[in-house]
Amino acid sequence: MKFLSIILILGLSFSSFGSDLKIYAASNFFVVLDKIKKEYQSEYPNRKITIIYGSSGKGYHQIINGAPYDIFLSADVNYLKILKEKGFGVGEIKEFLSGKLSLWTRKDLGIKITGINSLLNPKIEKIAVANPETAPYGKAAVECLKKKKIYNLVKSKLVKGDSVSKTAQLVQVGAADVGIIAYSIILGTNMKNTGVFKLIDQNCYSPIKHGYLILNKKNYDRSIHFLKYLLSDKSKMIFVKYGYEVF
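Residues numbered from 1 in each chain as written. Predicted model: local features only at pLDDT ≥ 70, side-chain atom pairs only at ≥ 80, totals over all residues. Heavy atoms only, no water.

J.: For the overall build of the protein chain, give the residues involved together with the corresponding values.
T.: Helix and strand content of the protein chain: 10 helices and 11 strands. The C-alpha radius of gyration computed for the protein chain amounts to 18 Å, which stays within 12% of the reference 18 Å derived for 247 residues, consistent with globular compactness. Each principal axis of the C-alpha distribution contributes one length, and for the protein chain these read about 55 × 35 × 35 Å. Looking at the 247 residues of the protein chain, the share that counts as buried comes to 53%. Partitioning the intrachain contacts of the protein chain with sequence separation of at least 6 by distance along the chain shows that 80% fall at a separation of at least 24. The distance from the centre of the 37 positive side-chain charges to the centre of the 19 negative ones in the protein chain is 3 Å. (Helix = DSSP H or I, 4+ residues; strand = E, 2+ residues; numbered from the N terminus. Rg over C-alpha atoms; globule rule 2.2 N^0.38 Å. Buried < 20%, exposed > 50% of the residue type's maximum accessible area, 1.4 Å probe, protein only. Contact = heavy atoms within 4.5 Å. Lys, Arg positive; Asp, Glu negative; His and termini not counted. Charge placed at Lys NZ, Arg CZ, Asp CG, Glu CD.)

Here you go:
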């Protein structure tokens, strides 16, 4: 089985980044950003980029504790607003897309999923969600469960991943039977072939709005150059291909 590969910040020396543009990005971005980064650097080979992936909440805490990122790509614009209020950031916050939630389970489990109420199936013993305290997709998942009035019925079955990518991995390795994860991860990995998935009605949760904030004045011009590429029609097509809604 092919597992998701997530770059962890723990133990990583920032001095090893050299003069690279340093980006912290919510983990749901990893498929799309890796593709955009590859195309960007093929066009601009002298503009190197290092991207660290993790939950938006973890990125926020690293930034307020001094992590020297140039750009923060968050799956929750509220983290960006709080950073601005605390005096972090250069320029304005830009919202540019929103993500979607999906149910996913491995084919070999034989579990039928038709919607959020499928989680009431007694065959389902563990349900993976991202930590709602730090991961916007986890927060949206819990919101949906409560809105559909099934949260209290399934909360004892919930297992939490540090990020939405880690949550997807929990279901892949058998630590959970079903996961509520980012649709973009399913479309961007072999999960679309090895599992069964069902988009969750977007009326079930508040929009998962993604945005960015430039953090470092020193690398401002380099950040603007990459972000213009990120917002280009070429990049937007990639985002749409992997299930995002662009603004």
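J.: How would you explain the packing of aromatic side chains if you had to name every residue and give the values?
T.: What the rule picks out here adds up to 15 aromatic pairs. Centroid distance tyrosine 24 to tyrosine 69: 5.3 Å. Interplanar angle 65 degrees. Geometry classified as edge-to-face. Pair noted here: tyrosine 24 is in strand β1 (residues 21-26) and tyrosine 69 is in the loop between α2 (56-64) and β3 (71-74), with a separation of 45 residues, a long-range link. Both rings, one in tyrosine 183 and one in phenylalanine 197, keep their centres 6.3 Å apart while their planes meet at 55 degrees; by these two values the pair is tilted. Pair noted here: tyrosine 183 is in helix α7 (residues 183-188) and phenylalanine 197 is in strand β9 (residues 195-199), with a separation of 14 residues, a long-range link. A residue is classified by how much of its surface remains accessible, and tyrosine 183, at 15% relative accessible area, is buried. A network of ring pairs unites the aromatic residues Phe29, Phe96, Tyr212, Phe239 and Tyr244 as a single cluster. Taking the ring centre of tyrosine 151 as reference, the NZ or CZ of lysine 146 above it sits at 5.0 Å. (Phe/Tyr/Trp six-rings, centres within 6.5 Å; stacked < 30°, edge-to-face > 60°. Lys NZ or Arg CZ within 6 Å of the ring centre and 35° of its normal.)

J.: Can you lay out empty space enclosed by the protein for me, pointing to particular residues and giving the numbers?
T.: A water-sized probe, rolled over the atoms, reveals where empty space remains. On inspection of all chains with the given rule, the structure shows 1 cavity of 30 Å³ or more. Approximately 50 Å³ is the volume found for the largest cavity. Taken together, Ala26, Ser27, Asn28, Ser55, Ser56, Ala75, Ala135, Pro136, Tyr137, Ser163 and Val164 form the lining of the largest cavity. Its residues assigned to classes, the lining of the largest cavity comprises 6 nonpolar, 5 polar and no charged. (1 Å grid on protein atoms, 1.4 Å probe; cavity = no way out; pocket = protein on both sides within 12 Å on 5 of 7 lines; lining within 4 Å. Points joined across faces, edges and corners; volume = space filled by probe spheres on them. Nonpolar A, V, L, I, M, F, W, Y, C, P; charged D, E, K, R; others polar.)

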